Amino acid sequence: DVVELTPDNFAKQVEVPGTTFVEFYAPWCPFCQRLEPTWNELPNRLKEKGVDTKIARMNVDAYTDYGERFGVTGFPTLMLFRDGRPVGQKTGLTDMATLMKYAGYQETGPLGLGGSKAEMNLVLGGDQVA
C-alpha cells in the first residue's frame, strides 16, 4: 500500500534506514491525478518482484513547508530517499516501467546481467577488469 505522509509520520516513514520513494503532489494537479492509479499499483508490482522499496506520497499543497524543504517546484515531484536522505528526483508524469526502475527493480534478460549494482561490481571489479 502507498503510505500517506503527514508531518506526524514523515520522520518515522522516510527518515529511517532503507529506501522510500515519495510522490510530492497537489490534489488539483492533473498530472498527479493521471499518475495516481499507476502510483497506487507500484507497491504491488515491486512486491511481486521482491523489491523492498516503500512507496509513499505527501500532499504538499496542504504541507507546503515540506515542499519548500525538499525544493518541490512542480508536480508531481518524485523523490527517492535512501536511509532518510534524498538521493534523486524527477518531476512530471512517468510510466510504470520507469517508476519500477527508479524504485530499484532491474529487469534481467538474455543480454542483461541483472542483479544489484553491488553484485555487478563484484562481477566486474578488482583485478578482473582489464
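Refer to the structure above for everything that follows.
Going along each chain's sequence as written, the residues are numbered from 1 onward. Local features in this predicted model are restricted to residues whose pLDDT is 70 or higher, and side-chain atom pairs enter the listing and the counts only when it is 80 or higher, whereas totals over whole chains, interfaces and linings include all residues. Note that the side-chain values use all heavy atoms of the structure and ignore hydrogens as well as water.

1. Quick look at the pattern of salt bridges
Okay, step 1: Here, a salt bridge means any side-chain nitrogen of Lys or Arg that lies within 4 Å of a carboxyl oxygen of Asp or Glu. Summed over all chains, the structure comprises three salt bridges.
Okay, step 2: The residue glutamate 15 makes a salt bridge to arginine 69 at a minimum N-O spacing of 2.4 Å. Remark: arginine 69 occurs in helix α3 (residues 64-69) and glutamate 15 occurs in the loop between α1 (10-14) and β2 (19-25); sequence separation between them is 54 residues.
Okay, step 3: The partly exposed category is assigned to glutamate 15, whose relative accessible area is 35%. The way it works is that DSSP assigns letters per residue, a run of H or I at least four long becomes a helix, a run of E at least two long becomes a strand, and they are numbered from the N terminus. Buried residues are those whose accessible area, probed at 1.4 Å on protein chains only, stays under 20% of the maximum for their type, while exposed residues exceed 50% and partly exposed ones sit between those limits.

2. Quick look at the environment of glycine 74
Okay, step 1: Along the chain, glycine 74 falls in the loop between α3 and β4 (77-82).
Okay, step 2: A relative accessible area of 16% places glycine 74 in the buried class.
Okay, step 3: As a C-alpha pair, glycine 74 and tyrosine 25 span 49 residues in sequence and 8.6 Å in three-dimensional space.

3. Observations regarding the sheet that holds strand β5 (residues 85-91)
Okay, step 1: Strands are labelled as partners when DSSP assigns at least two bridges between them. Here five strands make up an open sheet; going across it, the order is β1-β3-β2-β4-β5 and the pairing mixed. With one partner strand each, in any of the chains shown, β1 (3-5) and β5 form the two edges of the open sheet. Here the average twist between neighbouring strands, direction ignored, is 25°.
Okay, step 2: Bridge count for β2 against strand β3 (residues 53-59) is seven bridges, and the pairing is parallel. Note on β3: the bridge partner recorded for glutamate 23 is arginine 57.
Okay, step 3: Should any heavy atoms of two residues lie within 4.5 Å, those residues are considered in contact. Helix axes are fitted to C-alpha atoms over the stretch in contact, other axes to C-alpha atoms as well, and angles between N-to-C directions run from 0 to 180 degrees. Across the sheet, helix α2 (residues 30-48) lies against β2, β3 and β4, angled at about 155° from β3, the strand it touches most.

4. Brief notes about the side chain of threonine 20
Okay, step 1: In this structure, threonine 20 sits in strand β2.
Okay, step 2: Its relative accessible area of 2% is what places threonine 20 among the buried residues.
Okay, step 3: Any pair of N or O atoms that falls within 3.5 Å is considered a polar contact. Within protein, one atom must be able to donate a hydrogen and the other to accept it, and sequence-neighbouring residues count only if both atoms are side-chain atoms. A polar side-chain atom of threonine 20 sits 3.4 Å from the main-chain carbonyl oxygen of glutamine 13.
Okay, step 4: Setting aside residues up to four positions removed in sequence, threonine 20 forms contacts with Gln13, Val14, Thr53, Lys54, Ala56, Met79, Leu80 and Phe81.

5. Details of the packing of α2 against helix α4 (residues 96-103)
Okay, step 1: For the pair α2 and α4, interaxial distance at closest approach is 10 Å and the crossing angle is 50°. By the angle class used here, α2 and α4 are oblique. As α2 packs across α4, the resulting crossing turns out to be right-handed. Touching Leu35, Thr38, Trp39, Glu41, Leu42, Arg45 and Leu46 of α2 are Met96, Leu99, Met100 and Ala103, all from α4.
Okay, step 2: Charged residues are taken to be Asp, Glu, Lys and Arg, nonpolar residues to be Ala, Val, Leu, Ile, Met, Phe, Trp, Tyr, Cys and Pro, and polar residues to be all remaining types, Gly included. A breakdown of the residues in the contact of α2 with α4 according to their chemical character gives eight nonpolar, one polar and two charged. Here the word oblique covers every angle except those under 35 degrees (roughly parallel), over 145 (roughly antiparallel) and from 65 to 115 (roughly perpendicular). Crossings are assigned a handedness: left-handed for a near helix turned anticlockwise from the far helix by less than a right angle, right-handed for a clockwise turn.

In short, shape yes, function no, at least from these values alone.
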